Amino acid sequence: MSKHFKFLTALAFGVAAAGLVAAGPAHAKVEGDTIIIGSAISFTGKYSTNGIHASNGYDLGVKRINEMGGVKVGGKMYKLKIKYYDDESTPLRTAQLAERLIKQDGIKFILGPYSSATTKAMAPITEKYKIPMVEAEGASRSLFTQGYKYLFAVLSTSEQYLASSIALAAEMAKKAGKKPSDVRVAMAFENDPFSLDVRAGVIDDIKKFGMKIVIDDKLPRDLADMSATLTKVKALKPDLLVISGHSKGAATAARQIKELKIDVPMIAITHCEAAKIVKKFGAATNDFLCPTQWAETLSYKGKYFGTAAEYDKLFKATYDGYRNVPYQAAQASAAVLVWKDAFERANSFDTEKLRQALSETNMKTFYGDIRFAPGGNNIAKPMVLRQIQDGKFNVVAPSKWASHKVNWPRKVPGM
Amino acid sequence: MNTRLRRTLPFAGLVFAGIAAPFLFPDYTFQFTVLWVMILFALTWDILGGQMGYNSLGNIAFFGVGMYICAVVQIGLYYDVAQYTASYGAVKVEFTADQYFTGLAVGLIAAGLGAMVFSVILGWVVFGLRGPYFAIGTLGVALSAGELTGAWDYVGGGGGIALPIYPGEPDDRSLFFYVLSFTLTIILFFLLRWIYLGRFGLAANAIRDDEEKAEGMGIHTMRYKTVGWAIAAFFLGISGALFGNMIGFIEPLEVAFPTVTFGLFMVVMCLLGGRGTLWGPVIGATLFHTFKEVTWIYLLGWQWVALGALIVVSVVFFQQGIVGWVKEKWPEKFGIAVDDRALAETDPDLDEAPSQRLRRQTEAAQ
């Protein structure tokens, strides 16, 4: 025991204190003519693909608003800016970063993280500090039954994602002269809050039609291999295969469905666009059904981006490598628009006034209508189901929005 | 300065730093709380990994077990757990302040004891393994614990559990968890200091150096290993329970059993600071946590690369860790006597190669 220990301990703690303090130059919520919005999003880890889509969407929203002059509050024009942190795709980190954004950076306005799990970790903290959060990527129903007052989500909840594919399968069965209750369903879901919620919605509908579940698997933790499930699918020949596992799950599913030559009359997968499966696996993805929060072919229109199609064009011109604009990006941009709208209607930076303004949101945007239920979820916009037809995503359900007829059973060239 | 004072000063400094931190930097309370938990991780890992030479990669299992036991107790005392965790039933439940604190107190104790019992049962199975087999065996336990919890619907499966929310002000909440984490870690630290100085420390090091010989000397090695692991599990279990409540939302794979993050960090922190020493884990954890926080903010995009580089540098250049390196550099400061003159008399040429020396000595003997 000696001076060196003392020195080392002092050094370690000194470095720790200095490091932590230096790490957080205190940002005010509004600096000069800039409004700073905070976001902890997945740049690394299993949700990083979608985390990056979402941050691209946020950035495009900010860019567009700033180009159009900014946000007018109290007669003065402000620019928007986002302060990002990487949550590593784990709720463990989200909770720490929420504290960091609010306590050290002094952020008063939050844009949500990617995924339901991380949003579930974020919401209790923003709620405690009474900091409003507009989120675009946490769809789990249970987020909106907790009575959160400071949580607002622009997207539809997750139990609606694949439910319409069940109705579609029932319709097709009737057309083929079978009973809907004869339909045999194979399911594979990631073991996370989002996919489990999707699964719950699917099971509700399966029960409604009296269909039979022949496979009910959980995807492995790293989502890199689902051949075990697909081998069973090959043997049992179900009428419908449903898969949900964010982008990584969708990419794995598409790859292995191609490799193992899985031939099922109907396949529905979430996150097709975000996983860029058409670009990666080409014709093998033909006739996949993909639920989406938004489609560029829908007739939505708003003040900032014009129509859905114009947003699509602008996004592709701004970011390289997108054949289809994932809805994760579109809804992220929409969340930024909601913030701008709220700032201007509240005409203040007071979080209570902003909360009130947010709860009264009633907007028409390129992403669809936005109106929040008391629980915080958007109830003004439907989920639609698209089918990959010759490399294009065409809306096939619900019939109100459908632009194309569904191809059934699915046909894959060369199989 | 007299020796006694000099010896107690670092300990006093540690306690003082812990008490002062949240008052000096109140906005950083949450980060400091995580820091104390990191120190606890490193200290508990070192009991087996450093002092006994049993490299466990699965200690994080106790953290997760504690987290889940506490959550189930907190909810189960007042509500039906299965209904609370149903993946889409999602009942909205209010806990009163009384219910919250009673639940947490009972939950923390249950978490510690539950993890301890788990470690004893587990130890009985895995302590037959040595070296890399022990490491892989324990890693398997941690991974499968996460998967099993994820498949267990009663505790919400992969959907996780939203824990009761602290009833007071958010700033009080940070301080509350800080005080608990700090106290827990300091108790562990002084407990370890006390047992390392006694018979336990000697027996542990004997097991590390040569387990068969230690057994031959009459040391009941199994008992020491089990006790060591049980201490680690008890504290890890409580820290898991605290951490779960701090995060507010727990789920099996990423939060409760984060094998590839926290599970490995505890090993890396010990290696960085110096395994098998009392202060090594403390210093290693402090530097590691700071480094991680800073790079995660300033090197966004490169943070994992920087972390990897730190691990490589510490493993290649500081194999004994920081404390080990300092000990070698200034051994006299640690009470290790190096008497050059005495050495020179027995062994005049310290620079000669061992083979040469051997030859010279054999020649002299002949």
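Source: prediction; values computed, not measured. (Residues numbered from 1 in each chain as written. Chains lettered and ligands numbered in written order. Predicted model: local features only at pLDDT ≥ 70, side-chain atom pairs only at ≥ 80, totals over all residues. Heavy atoms only, no water.)

Describing the state of the cysteines
All names here are of chain A.
Phase 1: Under the criterion given, the structure shown has one disulfide over all chains.
Phase 2: Each sulfur in the disulfide pair C272 and C290 lies 2.1 Å from the other. Taking the sign of the torsion about the S-S bond as the criterion, the disulfide between C272 and C290, at about -90°, is left-handed. Within this pair, whereas C272 is found in the loop between strand 11 (266-269) and helix 9 (277-281), its partner C290 is found in strand 12 (residues 288-292), the two being separated by 18 residues in sequence. Take C272 and C290: they sit in the same class, and that class is buried. (Disulfide = S-S within 2.5 Å. Helix = DSSP H or I, 4+ residues; strand = E, 2+ residues; numbered from the N terminus. Buried < 20%, exposed > 50% of the residue type's maximum accessible area, 1.4 Å probe, protein only.)

What about unusual backbone geometry?
Residues and elements named next belong to chain A.
Phase 1: Cis geometry marks the peptide bond from A397 to P398, where omega comes out at -5°.
Phase 2: Note on placement: P398 falls in the segment after strand 18 (392-397).
Phase 3: Its identity is not glycine, yet H246 carries a phi of approximately 50°, on the positive side.
Phase 4: Among the structural elements, H246 can be located in helix 8 (residues 246-259).

As for the pairing of strand 18 of chain A
Residue and element names in this part refer to chain A.
Phase 1: Counted residue by residue, strand 18 has five buried out of six residues, so it is predominantly covered.
Phase 2: In this sheet, strand 18 lies alongside strand 17 (residues 384-389) in antiparallel orientation, the contact comprising five bridges. Across the sheet, residue R386 finds its bridge partner in strand 18, namely V395.
Phase 3: Hairpin connection from strand 17 to strand 18: two residues lie between these consecutive antiparallel strands, with D390 at a positive phi of about 50°. (Pairing = 2+ DSSP bridges.)

So, helix 12 (residues 262-273) of chain B
Residue and element names in this part refer to chain B.
Phase 1: In this model helix 12 runs 16 Å from its N-terminal to its C-terminal C-alpha over 12 residues, within 8% of the 16 Å that 1.5 Å per residue would give.
Phase 2: When you tally the buried positions in helix 12, you get 10 out of 12 residues, the bulk of the element.
Phase 3: If you check which residues of helix 12 are buried, you get F262, G263, F265, M266, V267, V268, M269, C270, L272 and G273.
Phase 4: Looking one or two residues past helix 12, G274 carries a phi angle of roughly 120°, positive in sign. (Expected span 1.5 Å × (residues − 1).)

Let's talk about the domain arrangement of chain A
All names here are of chain A.
Phase 1: Parsing chain A into structural domains produces domain 1 (25-156 + 298-371) and domain 2 (160-292 + 384-397).
Phase 2: In this structure, domain 1 and domain 2 have C-alpha centres spaced 30 Å apart.
Phase 3: In this complex, domain 1 contributes 24 residues to the contact, which on the side of domain 2 involves 23 residues.
Phase 4: When domain 1 packs against domain 2, the two sides together hide about 1,900 Å² of surface, and 53% of this comes from carbon and sulfur.
Phase 5: Linking domain 1 with domain 2 are two salt bridges.
Phase 6: Summed over the shared surface of domain 1 and domain 2, the result is 11 residue pairs in polar contact (both at pLDDT 80 or more).
Phase 7: Of all the secondary-structure elements, those providing two or more residues to the side of domain 1 that touches domain 2 are helix 2 (48-67), helix 4 (116-128) and helix 11 (327-346). (Domains from an automatic or database assignment. Contact = heavy atoms within 4.5 Å. Buried area = accessible area lost by both parts, 1.4 Å probe. Salt bridge = Lys/Arg side-chain N within 4 Å of Asp/Glu carboxyl O. Polar contact = N/O pair within 3.5 Å; in protein donor to acceptor, adjacent residues only side chain to side chain.)

With respect to the packing of helix 11 of chain A against helix 12 (residues 351-359) of chain A
Residue and element names in this part refer to chain A.
Phase 1: Direction vectors running N to C along helix 11 and helix 12 enclose 115°, while the axes themselves pass 8 Å from each other. Crossing of helix 11 against helix 12: the hand is right-handed. On the side of helix 11, the interface is formed by V338, W339, A342, F343, R345 and A346, while helix 12 contributes K353, L354, A357 and L358.
Phase 2: For the contact of helix 11 with helix 12, the residue count by class is eight nonpolar, no polar and two charged. (Axes fitted to C-alpha atoms, helices over the stretch in contact; angles between N-to-C directions. Left-handed = near helix turned anticlockwise from the far one by under 90°. Nonpolar A, V, L, I, M, F, W, Y, C, P; charged D, E, K, R; others polar.)

Section: the pattern of salt bridges
Phase 1: Considering all chains together, one arrives at 26 salt bridges over all chains under this definition.
Phase 2: For A:D239, the salt bridge identified is with A:K178, shortest N-O distance 3.7 Å. Taken together, the positions of A:D239 in the loop between helix 7 (227-236) and strand 10 (240-244) and A:K178 in the loop between helix 5 (163-175) and strand 8 (184-189) put the pair 61 residues apart, joining distant regions of the chain.
Phase 3: The class of A:K178 is partly exposed, set by a relative accessible area of 38%.
Phase 4: The partner of A:K208 in a salt bridge is A:D205, and the shortest N-O contact between them spans 3.9 Å. Residue A:K208 and its partner A:D205 are both found in helix 6 (residues 193-209); the two are separated by three residues, about one turn of the helix.
Phase 5: Overall, A:D205 belongs to the buried group, its relative accessible area being 14%.
Phase 6: Because the salt bridges share partners, they merge into one network encompassing A:E88, A:R93, B:K292 and B:E293.

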